[in-house]
Amino acid sequence: MTSKYEPKKIETKWQRYWAEHQTFRVTEDPSKAKYYCLEMFPYPSGRIHMGHVRNYAIGDVVARYKKTRGYNVLHPMGWDAFGLPAENAAIDKGVHPVVWTYDNIAYMRDQLRKMGLSYDWDREVTTCDPAYYKWNQWFFLKMYEKGLAYKRRSSVNWCNSCETVLANEQVIDGQCWRCSSVVDQKELEQWFFKITEYAEELLAGCDRLTGWPERVLIMQRNWIGKSAGVEVDFPLAAGDGAIRIFTTRPDTLFGATFMSLAPEHPLVESLIRGTEAEAAVRALVERVKHQDRVIRTAEDVEKEGVCTGRYAINPLTQKKIPVWVANFVLMEYGTGAIMAVPAHDQRDFEFAKKYHLPMRVVIQNREETLSEGTMTAAYTDEGPLVNSGLFSGVPSPEAIEKIAGYIEQEGLGKRTVNYKIRDWGVSRQRYWGTPIPIIYCDRCGVVPVPEDALPVVLPRDVAFTGKGGSPLHQVQGFVKAHCPSCGGEARRETDTMDTFVDSSWYFLRYGSPKTDHLPFDKQAVSYWMNVDQYIGGIEHAVLHLLYARFFTKVIRDLGLIAVNEPFANLLTQGMVIKDGAKMSKSKGNVVDPDYLIGTYGADTARLFSLFAAPPEKDLDWSDRGVEGAFRFLSRVYRKVADLAPCLNPQLNLKVRGIHQYRNRLDEIGAGLPEDLKRLRKVVHQTIKKVSENIEVFHFNTAISFIMEMVNNIYLVPHEGRAGDEGFLYVMKESLDSLILLLSPFAPHITEEMWEMMGYESSVTGVPWPIYCTEIAQEEERLIVIQINGKVRSKITVPAGTPEEEIRRRALSDERITGLLGGKPPRKVFVVQEKLVNIVV
RNA sequence: GCCGGGAUGGUGAAACAGGUAGACGCACGGGACUCAAAAUCCCGCGGGGGCAACCCCAUGGGGGUUCGAUUCCCCCUCCCGGCACCA
């Protein structure tokens with residue numbers, strides 16, 4: 001017997017076949033409906049992990065399935081190739097980032113090939129290639145022209161030992177993730193992208209992204225953090241000027257009994273200069289400024305403040321109120337100054353209690369009367385206004401509107417909207433990233449590199465010491481430049497871009513990866529966009545997915561594309577878990593894809609990761625389960641290997657497809673013996689169920705239905721039936737269908753079996769099987785009979801039996817009449833073709 | 001603290017426009033094949049009671065709506081994510 005399933009042999013054979021026949025190559029074809037299936041491209045860290053296997057297995061099922069449904073499918077892959085680990089490898093091991101990265105890519109590309117993924121490798125994109133990052137620079141210049149890229153001083157996390165900036169996520173408990181020294185805050189000139197300009201559109205767009213998981217949209221909405229309120233000026237009691245505050249609660253304005261400024265607020269200095277409070281305020285400001293962000297915003301930080309000794313006038317009460325500086329007020333949000341309403345804001349309440357500041361109730365609790373002396377917490381609910389002049393008695397929700405109107409009418413302030421989202425800081429003091437295309441000239445100032453001088457290429461000859469900041473700084477040949485404007489000596493910007501820039505538009509580049517006069521070809525990309533299905537990890541819910549949306553809108557406004565959103569449908573897959581924890585090297589619970597594929601084959605690896613859990617849920621890895629998947633494929637293979645040799649010559653069906661012999665099968669269908677009729681019905685039902693389940697990404701149940709069908713095929717005896725036409729046709733139809741249904745999940749073994757069935761072309765070109773409604777239809781229905789909601793009997797009736805008849809048969813059922821014992825039913829519920837419930 | 005998501009057999013999970021709870025797989029048990037083992041094929045498999053036909057209990061816990069609730073509503077417990085002084 002040669003019916004042993006040998007995945008290694010089969011898989012190499014078909015991977016070679018696909019490569020030689022360019023099976024997955026696609027071109028734009030306006031006569032066909034397109035489908036763009038995209039998985040998040042990986043960072044080339046060295047080897048793929050199980051998360052990748054799962055992600056790409058999911059994407060491949062979608063891509064292959066859509067192809068069998070006649071779509072022109074774009075399914076590309078590439079490399080998110082810039083980033084810190086390459087630079088660390090250079091420092092630690094002395095390997096150049098270019099070498100390290102491209103070696104990793106070569107290895108990982110090979111791993112992906114061995115998974116049998118249906119990528120069009122001709123469209124491969126690598127972000128560290130100058131031909132790619134040239135366009136990062138081009139977009140930067142376009143955004144600079146439009147004022148969307150700008151430079152300002154800002155505070156960053158700085159490690160004195162590594163002499164470099166750290167991202168927020170690289171600061172662990174206030175310490176550098178690499179050398180564990182304490183991280184400082186440092187003011188640096190930084191480049192920013194003005195994502196805030198698109199805040200409103202990004203927010204509004206969330207409502208139209210109906211193909212995205214709700215929780216991702218919620219996270220994005222929260223991140224953007226829109227709130228509507230008013231800005232109000234509180235004039236200083238002495239001297240000129242005013243303090244502008246932002247509040248969402250104008251209804252509590254009458255209760256503002258003091259004010260708090262952020263330590264960084266520009267007015268602080270002038271308010272305290274030469275006063276008694278000067279030293280105390282300055283001490284607080286200095287202390288807070290040197291706390292890093294992580295510590296400062298930690299939950300257990302106590303509220304503290306110092307009084308400036310100065311006063312402002314509450315514009316509604318005309319009362320003098322003291323001005324404080326407080327550590328919990330953030331300069332980045334609103335105006336950096338707040339009015340403090342201790343009676344109705346918990347933070348202000350705590351602050352007022354601590355420093356014995358006055359309180360004033362302006363919203364009354366309908367249930368129990370509030371009074372300043374007895375309150376133990378701020379009252380933040382609704383209620384009628386009190387102590388609020390003209391507005392006393394107005395319910396607070398209404399007062400928000402009324403007082404806001406009054407403020408505007410009296411010229412005391414205006415309605416505004418605030419967002420939590422901040423502009424995107426893109427400067428990185430790193431080598432392995434896209435150089436920012438800017439030149440600094442002593443005479444002309446900041447000068448953009450002219451478009452025709454792009455790309456600004458990253459110099460290769462660089463020393464990686466891990467010391468002295470960005471290695472680019474030391475490269476004279478790079479730093480020294482001529483001013484594009486005056487031709488004089490100038491310096492080149494040595495910061496590089498955040499690598500999230502790279503991934504913000506790569507999906508557009510796939511549409512025409514070799515275009516060199518523009519980032520992409522407009523026509524090709526307008527054919528492919530949007531991405532119909534995007535698949536990746538939830539960890540990018542706000543970062544990458546928000547940046548990509550922002551870039552898409554910017555690129556649209558540059559006139560290069562027409563779409564508003566990059567990804568029509570989003571699937572966020574769950575993590576891969578083993579022994580109750582996420583797979584990680586430190587936990588020692590990783591499963592190596594190389595080992596898995598080497599031992600069981602790619603088809604088994606794919607099948608298991610799709611079968612063990614629905615895609616969006618976490619997947620619990622099980623070695624036993626993997627064996628089960630392998631066993632199933634072997635079982636399928638054995639049956640085909642067993643039957644194919646007798647089917648082909650007997651039926652003379654060499655290259656004729658499923659649709660042709662079905663006609664013959666339909667002719668003899670009525671005369672088939674019971675077991676074959678039954679199998680045929682199961683096959684058609686399975687086609688229906690598998691199709692429906694793939695459409696909604698229920699791959700685990702789709703696979704379970706295929707398994708059930710295989711069990712049914714096994715149950716049909718075949719001894720002595722080799723000459724029976726009906727048997728041969730039914731088996732042929734069953735096996736052909738089985739192979740086609742299984743092909744998106746396990747592409748190699750199905751190619752092999754398709755060939756064994758006598759077909760000469762690849763299974764990838766064969767249309768998805770179609771089921772026949774009449775055959776799939778059950779002609780008998782099982783009716784459950786309940787008494788008082790408990791199952792007491794079951795009967796079968798022909799399909800289409802009228803309700804009355806079902807009721808009659810249920811009530812006259814032997815078991816039921818016995819149990820009823822002559823008692824008349826009080827009520828009888830009949831659910832058509834399903835259930836009868838008798839209430840007594 | 002706020003916002004999400006979740007809890008179903010020994011185990012991964014099915015089933016939710018309310019209608020037989022546990023499909024399919026894993027583990028386990030039994031049988032067939034074999035000198036034997038592995039592999040394979042077939043059967044069984046939530047818990048409790050009963051010789052049996054059958055009966056009772058069971059979808060994190062407690063209430064409710066309903067002829068009927070894993071599914072809908074209210075309260076509670078635990079777990080996992082995200083945000084976190086945003087005025």
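These figures come from a predicted structure and were not determined experimentally.

Each value, and the rule that gives it
- Residues numbered from 1 in each chain as written.
- Chains lettered and ligands numbered in written order.
- Predicted model: local features only at pLDDT ≥ 70, side-chain atom pairs only at ≥ 80, totals over all residues.
- Heavy atoms only, no water.
- Salt bridge = Lys/Arg side-chain N within 4 Å of Asp/Glu carboxyl O.
- Helix = DSSP H or I, 4+ residues; strand = E, 2+ residues; numbered from the N terminus.
- Buried < 20%, exposed > 50% of the residue type's maximum accessible area, 1.4 Å probe, protein only.
- Domains from an automatic or database assignment.
- Pairing = 2+ DSSP bridges.
- Core = buried A, V, L, I, M, F, W, Y, C linked by side-chain atoms within 4.5 Å.
- Axes fitted to C-alpha atoms, helices over the stretch in contact; angles between N-to-C directions.
- Contact = heavy atoms within 4.5 Å.
- Near = heavy atom within 4 Å.
- Polar contact = N/O pair within 3.5 Å; in protein donor to acceptor, adjacent residues only side chain to side chain.
- Nonpolar A, V, L, I, M, F, W, Y, C, P; charged D, E, K, R; others polar.
- Right-handed = clockwise from strand over helix to strand, strands pointing away.

Turning next to the pattern of salt bridges. Enumeration over the complete set of coordinates arrives at 53 salt bridges. Among the salt bridges present, the one from Arg123 reaches Glu28, with a minimum N-O distance of 3.1 Å. With Arg123 in the loop between helix H4 (97-114) and strand S4 (125-126) and Glu28 in the loop between helix H1 (7-21) and strand S1 (34-39), the pair connects residues that are 95 residues apart, well separated along the chain. Judged by relative accessible area, Glu28 falls into the partly exposed class, the value being 33%. Residue Glu733 is joined to Arg680 by a salt bridge in which the shortest nitrogen-to-oxygen separation is 2.8 Å. Here Glu733, found in helix H23 (residues 725-742), pairs with Arg680, found in helix H21 (residues 674-695); they are 53 residues apart in sequence, far enough to count as distant. Through salt bridges with shared partners, one network takes in Glu201, Arg549, Lys553, Arg556, Asp557 and Glu565.

Here the focus is the domain arrangement of chain A. The domains assigned to chain A are domain 1 (8-122 + 503-610), domain 2 (139-194 + 423-497), domain 3 (227-418), domain 4 (626-776) and domain 5 (780-839). The centre of domain 2, based on its C-alpha atoms, is set 39 Å off from the matching centre of domain 3.

All right, on to the pairing of strand S10 (residues 227-235) then. Two elements, S10 and strand S16 (residues 413-418), share 6 bridges in a ladder whose sense is antiparallel. Across the sheet, the residue bridging to Gly229 is Thr416, located in S16. Sheet topology places S10 next to strand S11 (residues 242-247); 6 bridges connect them, and they run antiparallel. Within the sheet, the bridge partner assigned to Asp233 lies in S11 and is Arg244.

Glancing now at the nonpolar core. Counting residues in each nonpolar core, the largest one holds 187 residues, and the members touching the most others are Phe193, Trp424, Phe507, Phe550, Phe551, Trp621 and Phe745. Considering each element in turn, this core owes the most residues, 11 residues, to H23. Of all hydrophobic cores here, the second largest spans 45 residues; its members include Met259, Val323, Val362 and Leu385.

The sheet built from 4 strands is open, its strands ordered S2-S1-S24-S25 with parallel pairing. Edge positions in the open sheet fall to strand S2 (72-74) and strand S25 (570-573), since each of these has one partner strand only. Looking at each pair of strands side by side, their axes are set apart by 20° on average, direction ignored. Sheet analysis places strand S24 (residues 533-537) next to S25, joined by 4 bridges and oriented parallel. Bridging from a neighbouring strand, Tyr534 pairs with Leu570 of S25. Most of the contacts of helix H2 (residues 50-68) go to S1, to which it runs at about 175°, and overall it touches S1, S2, S24 and S25.

Further remarks concern the protein's contact with RNA strand B. Near RNA strand B there are 51 residues, and of these Thr247, Thr248, Lys303, Arg347 and Asn837 occur at the shortest range. Side-chain polar atom of Lys790 to a phosphate oxygen of RNA strand B: 3.2 Å apart, as the coordinates give it. Side-chain polar atom of Lys794 to a base oxygen of RNA strand B: 2.7 Å apart, as the coordinates give it. Sorting elements by how many residues they give to the surface near RNA strand B places helix H22 (residues 699-715) first, with 7 residues. Class assignment for the residues of the surface near RNA strand B results in 21 nonpolar, 11 polar and 19 charged.

Burial of S1 is extensive: 6 of the 6 residues sit out of reach of the surface. Of the two faces of S1, the one lined by Lys34, Tyr36 and Leu38 and the one lined by Tyr35, Cys37 and Glu39 are each fully buried. The pairing of S1 with S2 spans 3 bridges and is parallel. Pairing of Lys34 across the sheet is with Asn72, part of S2. Note on the crossover from S1 through H2 to S2: the handedness is right-handed. Note: S1 against S24, 3 bridges, orientation parallel. The residue bridging Cys37 from the neighbouring strand is Gln533, located in S24.

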